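Residue-level structure breakdown
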2 protein chains.
Amino acid sequence: MDLPTMEDSKIIFALDVYDRDTGIELAKNLADQVFAIKVNWPIILENGIKIISELSKYSKIICDFKLADVENTDKLITEKVAQYGAWGIISHAFTGIKSLRAVVKSAGQMKVFSVVSMSQESYIDNVYDKLVDDSLKAGVFGLVAPANRPDRLKKIRDISGDIKIIAPGVGAQGGNIISAIMAGADYIIIGRSIYDSPDPIGAIKKFNDEATKL
Amino acid sequence: MDLPTMEDSKIIFALDVYDRDTGIELAKNLADQVFAIKVNWPIILENGIKIISELSKYSKIICDFKLADVENTDKLITEKVAQYGAWGIISHAFTGIKSLRAVVKSAGQMKVFSVVSMSQESYIDNVYDKLVDDSLKAGVFGLVAPANRPDRLKKIRDISGDIKIIAPGVGAQGGNIISAIMAGADYIIIGRSIYDSPDPIGAIKKFNDEATKL
């Protein structure tokens, strides 16, 4: 791949928009400032999964689909996403190791990240250690843990070895880049504070500066 | 709505296919034998959400999207799905009452069903009572609970009053219609045993007969 992506950026841009043209324009303009771009279901709804191939021309694309279904359904989704050239996919881990293994197996070359704790309180909060354990056993590439809950993030880092951790919750959800990186995040996911900014490139540059100060 | 749907059927058909033409053909042929048709992400991936409007000509459509994200993302997905005429949407409940309330609010006229236990073992198994409680407080229309785990389904029915329960896990996942209905399910979700059958209409009729024997 010969992408404009900035490999040493610690920022993953969360492109949470519906519209194709807005999405492509943002990806094109911001790709060289970020490590990767994360998309969620909103942009798939109106455009279908083919938008992933289009966006992959500009950046590594992580499909944040928060897979949370039984083994067979998670497999059906993952296989199809892999065909369209996504770089990574995000699955929940609470569904258990069978679903996680099905996702890792169907992902092929695509990297699998598993959610071991969310950026809001939820009923998986008390089992984060089991979710980490299952994720490592299933052979995921990385974990998703909350940037806006640095104490929890640190606990997760402490039991996760050197596996990559990507962390949402900075900006609109109140998290802070410095504390998240200090707590053990490798990459920080930021969405609304960038795409809702009157100057998205300026906003990312500011976040990149902040992250590299450490 | 003037749909061919069989209102007194207890079967919800899980249309878990990727392809538009296959999906439309199955919906057209099977709609008059079922209470509703449930679709998951696979059919959306290649076709986009507009397939929901097409399928809604034949049956009430429940979007089994297992929403499992933070409040804002679940809201973005639900609002868009509602615009395309889905009859219902399925959300996880473990994400907490804030996400559930956001889904119910954004759903408008669309019915919200929340998953309080899955058809496979998972890390939300021990909190099903809390998930029921939050679901009732958030004002969902119905619950999703496993047909293939009738003991658990009965426990959920016992604490859920007379709210509708739809239950997956019959057929490929080993559940049985009679025991699921006796345990408290109102509707049984069946997919692979129908669409993988050489005679899908015959398969549904057999399930309908079985369900009405009670």
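Residues numbered from 1 in each chain as written. Chains lettered and ligands numbered in written order. Predicted model: local features only at pLDDT ≥ 70, side-chain atom pairs only at ≥ 80, totals over all residues. Heavy atoms only, no water.

Here the focus is helix 7 (residues 150–158) of chain A. All names here are of chain A. Every buried residue of helix 7 is listed here: Arg-152, Leu-153, Ile-156 and Arg-157. Relative to the axis of helix 7, the buried residues are bounded by an arc of 140 degrees and lie together on one face. Structural note: helix 7 exposes Asp-151 and Asp-158 on the side pointing more than 90 degrees away from its buried face. For helix 7, the elements touching its buried residues are helix 6 (128–138), strand 6 (142–144), strand 7 (164–167) and helix 8 (177–183). (Buried < 20%, exposed > 50% of the residue type's maximum accessible area, 1.4 Å probe, protein only. Helix = DSSP H or I, 4+ residues; strand = E, 2+ residues; numbered from the N terminus. Arc of directions from axis to C-beta. Contact = heavy atoms within 4.5 Å.)

Summed over all chains, the structure comprises 24 salt bridges over all chains. Between Lys-38 of chain A and Asp-64 of chain A there is a salt bridge, and its shortest N-O distance comes to 2.4 Å. Of this pair, Lys-38 of chain A sits in strand 2 (residues 36–39) while Asp-64 of chain A sits in strand 3 (residues 61–67), and the two are 26 residues apart along the sequence. For the pair formed by Lys-38 of chain A and Asp-64 of chain A, the shared burial category is buried. Where Arg-149 of chain A meets Asp-125 of chain A, a salt bridge forms, and the shortest distance between an N and an O atom there is 3.0 Å. In this pair, Arg-149 of chain A is assigned in the loop between strand 6 and helix 7 and Asp-125 of chain A in the loop between strand 5 (111–115) and helix 6, connecting sequence segments 24 residues apart. Through salt bridges that share partners, Lys-38, Asp-64 and Lys-66 of chain A together with Asp-69 of chain B make up one connected network. (Salt bridge = Lys/Arg side-chain N within 4 Å of Asp/Glu carboxyl O.)

Here the focus is the environment of Ser-114 of chain A. Residues and elements named next belong to chain A. Tracing the chain through its elements places Ser-114 in strand 5. Each C-alpha atom of the pair Ser-114 and Phe-207 lies 24 Å from the other, and the pair is 93 residues apart in sequence. Each residue touching Ser-114, except ones within four places of it in the same chain, is listed here: Ser-91, Ala-93, Leu-100, Ser-135, Val-140, Gly-142, Leu-143 and Val-144.

The tally for this structure, following the rule as stated, stands at 16 aromatic pairs over all chains. Relative to Tyr-187 of chain B, the ring of Phe-35 of chain B has its centre 4.1 Å away and its plane inclined at 20 degrees; by these criteria the two rings are stacked. Of this pair, Phe-35 of chain B sits in the loop between helix 1 (20–30) and strand 2 (36–39) while Tyr-187 of chain B sits in strand 8 (residues 187–190); the two residues are 152 residues apart in sequence, bridging distant segments of the chain. Of the two residues, Phe-35 of chain B and Tyr-187 of chain B, neither departs from the other in class, the shared state being buried. Here the aromatic residues Phe-35, Trp-87, Phe-113, Phe-141 and Tyr-187 of chain A are joined through ring pairs into a cluster of three or more. (Phe/Tyr/Trp six-rings, centres within 6.5 Å; stacked < 30°, edge-to-face > 60°.)

Glancing now at the interface of chain A and chain B. At the junction of the two partners, chain A supplies 43 residues and chain B supplies 43 residues. Three residues, Leu-45, Phe-94 and Tyr-123 of chain A, lead the burial of chain A against chain B; their summed loss comes to 22% of the area buried on that side. At the surface where chain A touches chain B, the tally comes to 4 salt bridges. Counting the contacts that link chain A with chain B gives 24 residue pairs in polar contact (both at pLDDT 80 or more). Mapped onto the side of chain A that touches chain B, the elements with two or more residues apiece are helix 2 (41–47), strand 3, helix 4 (71–83) and helix 6 of chain A. Partitioned by chemical class, the residues of the side of chain A that touches chain B number 19 nonpolar, 12 polar and 12 charged. (Buried area = accessible area lost by both parts, 1.4 Å probe. Polar contact = N/O pair within 3.5 Å; in protein donor to acceptor, adjacent residues only side chain to side chain. Nonpolar A, V, L, I, M, F, W, Y, C, P; charged D, E, K, R; others polar.)

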